[in-house]
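One-letter residues, chain by chain:
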Amino acid sequence: MSSLSTPEDRAVDPDAPGQLLVLLDPAARQADGESVRIARDVLCGGADVKVALPESPSELDRVLAHRGRRRPVVIGSDLALQRVLGALHRQRELGTDPVGLVPVGRPEAVAAGRSLGVPAQPVAAARAVLHGAARKLDLLVDDGGGVAFGGVSIHTHGLGRPAGLRSLWAKLAAAEQATPLGSDDPRLRIEADGRLLVDLDEPVHRLRAALSVGSGDMELLLQLARGPHTVRATRLAVTGRGFGYQADGRRVGPVRSRVWTVHPGVWQLLLPVT
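What you see is a predicted model, and the numbers here were worked out from it, not measured in a lab.

What counts and what doesn't
Residues numbered from 1 in each chain as written. Predicted model: local features only at pLDDT ≥ 70, side-chain atom pairs only at ≥ 80, totals over all residues. Heavy atoms only, no water. Helix = DSSP H or I, 4+ residues; strand = E, 2+ residues; numbered from the N terminus. Contact = heavy atoms within 4.5 Å. Buried < 20%, exposed > 50% of the residue type's maximum accessible area, 1.4 Å probe, protein only. Polar contact = N/O pair within 3.5 Å; in protein donor to acceptor, adjacent residues only side chain to side chain. Pairing = 2+ DSSP bridges. Right-handed = clockwise from strand over helix to strand, strands pointing away. Core = buried A, V, L, I, M, F, W, Y, C linked by side-chain atoms within 4.5 Å. Axes fitted to C-alpha atoms, helices over the stretch in contact; angles between N-to-C directions. Parallel < 35°, antiparallel > 145°, perpendicular 65-115°, else oblique. Left-handed = near helix turned anticlockwise from the far one by under 90°.

Please clarify how the overall build of the protein chain should be interpreted in this entry.
Secondary structure summary: the protein chain contains seven helices and 14 strands in total. The long-range share in the protein chain, meaning contacts at least 24 apart out of those at least 6 apart in sequence, stands at 72%.

Written out as structure tokens, the structure reads:
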């Protein structure tokens, strides 16, 4: 891993694109090393860049805590970005600096970041980091300390293990992922903003909570035996005998209860100027 920030990093030229801490997802280099190289070259050509490859949660925390005034930039998947946002949330540094993203990975692994307006091509995404504008975005924060910028989903008939390459950051959750996600048809009690939507006597096939850009709430989509049901809320509470869920591609569970709350505009993402 490259060296960390030094005190002189805090002297930022306001007319320059800024000083960057580029966090590389190792799986991105394996999946598309050329795109990673291109993005890194563009960033290094337009800013003072330091590169890090944190290999554990504590190392990621340390890198971010010692970044000085460098803006974090993730080259990799949605999961890699989620881990950085989670670390910044724990450090109470989430809104201090805008975050950059260059999505590299399988289409399904970068879908959430791209849905926010991040360009698909590495050159365009890197240029947005250098010359784009910071946009405030909402975040889902759960009572277990986790975060999600795209959304969470519960598939009560089991979640298949994702195929393809996995990053070291994804492997940090190996203990969680090795744990069974619970029964194939768990009964759930679901409340939205304190209002009961489903009780334990009604099967739930799928629950998806997705953040809507700029709305300050989340859209809940439930697949029930009686058909689909949609509702908007700022707080979602789920309890049951044991269920697993996915948050921005990360598998978690089983858990017996979880509460998600929308935190409006608590982080910033660098996006192209339109």
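Right, picking up where we left off after that structure.
How do you make sense of unusual backbone geometry when you look at a structure like this?
Glycine aside, a negative phi is what most residues show, and trans is what most peptide bonds show. With an omega of 5 degrees, the peptide bond between Gly 253 and Pro 254 qualifies as cis. Tracing the backbone shows Pro 254 in strand β14 (residues 250-271). Despite not being glycine, Arg 92 shows a phi value in the positive range, around 60 degrees. Tracing the backbone shows Arg 92 in the loop between α3 (78-90) and β4 (100-103). Exposure remark for Arg 92: the relative accessible area of 77% places this residue in the exposed category. With phi around 55 degrees, Asp 248 is a residue other than glycine that occupies positive phi space.

Please explain the environment of Asp 61 as it appears in this structure.
Residue position: Asp 61 is located in helix α2 (residues 57-65). Classification of Asp 61 as partly exposed rests on a relative accessible area of 24%. Residues Asp 61 and Ala 87, 26 residues apart in the sequence, show an inter-C-alpha distance of 5.9 Å. The contacts of Asp 61, once residues within four sequence positions are left out, are Ala 87, Arg 90 and Gln 91.

It is not clear to me how the side chain of Asp 97 should be interpreted in this structure. Could you clarify?
In this structure, Asp 97 sits in the loop between α3 and β4. Residue Asp 97 is classed as buried on the basis of its relative accessible area of 7%. A polar atom in the side chain of Asp 97 sits 3.2 Å from the side chain of Arg 67. One polar contact links Asp 97 to Arg 69, side chain to side chain, over a distance of 3.4 Å. Leaving out residues up to four positions away in the same chain, Asp 97 has contacts with Arg 67, Arg 69, Arg 70, Arg 71 and Pro 72.

Explanation requested: the pairing of strand β2 (residues 48-52) in the structure shown.
Two faces, one strand: in a regular strand the side chains alternate between the faces of the sheet. Across the five residues that make up β2, a large majority, four, are buried. Sheet topology note: the strand β1 (residues 19-24)/β2 ladder contains five bridges and is parallel. Looking at the pairing, Gln 19 lines up with Asp 48 of β2. What joins β1 to β2 is helix α1 (residues 26-46), and the crossover it makes is right-handed.

Help me out: how do you make sense of the nonpolar core in this one?
Note that soluble globular proteins tend to have their nonpolar side chains buried in a common cluster. Of all hydrophobic cores here, the largest spans 46 residues; its most connected members are Leu 20, Val 22, Leu 43, Ile 75, Leu 85 and Trp 267. If you tally residues by element for this core, the top one is α3, at six residues. Contacts of Val 22, omitting those with residues within four sequence positions, involve Leu 43, Val 49, Lys 50, Val 51, Ala 52, Val 73 and Ile 75. Core analysis: the next-biggest nonpolar cluster, separate from the first, contains 28 residues, Leu 207, Leu 211, Leu 220 and Ala 233 among them.

Would you explain the packing of α1 against helix α5 (residues 122-131) in this entry?
Pairs of packed helices are described in terms of their axes, by the angle between the two and the distance that separates them. Axis separation between α1 and α5 bottoms out at 9 Å; the angle between their running directions is 30 degrees. Our classification of the angle between α1 and α5 gives roughly parallel. Here α1 and α5 pass one another in a crossing that is right-handed. In this structure, α1 contributes Ser 35, Ile 38, Ala 39, Val 42, Leu 43 and Gly 46 to the contact, and α5 contributes Pro 122, Val 123, Ala 126, Arg 127, Val 129 and Leu 130.

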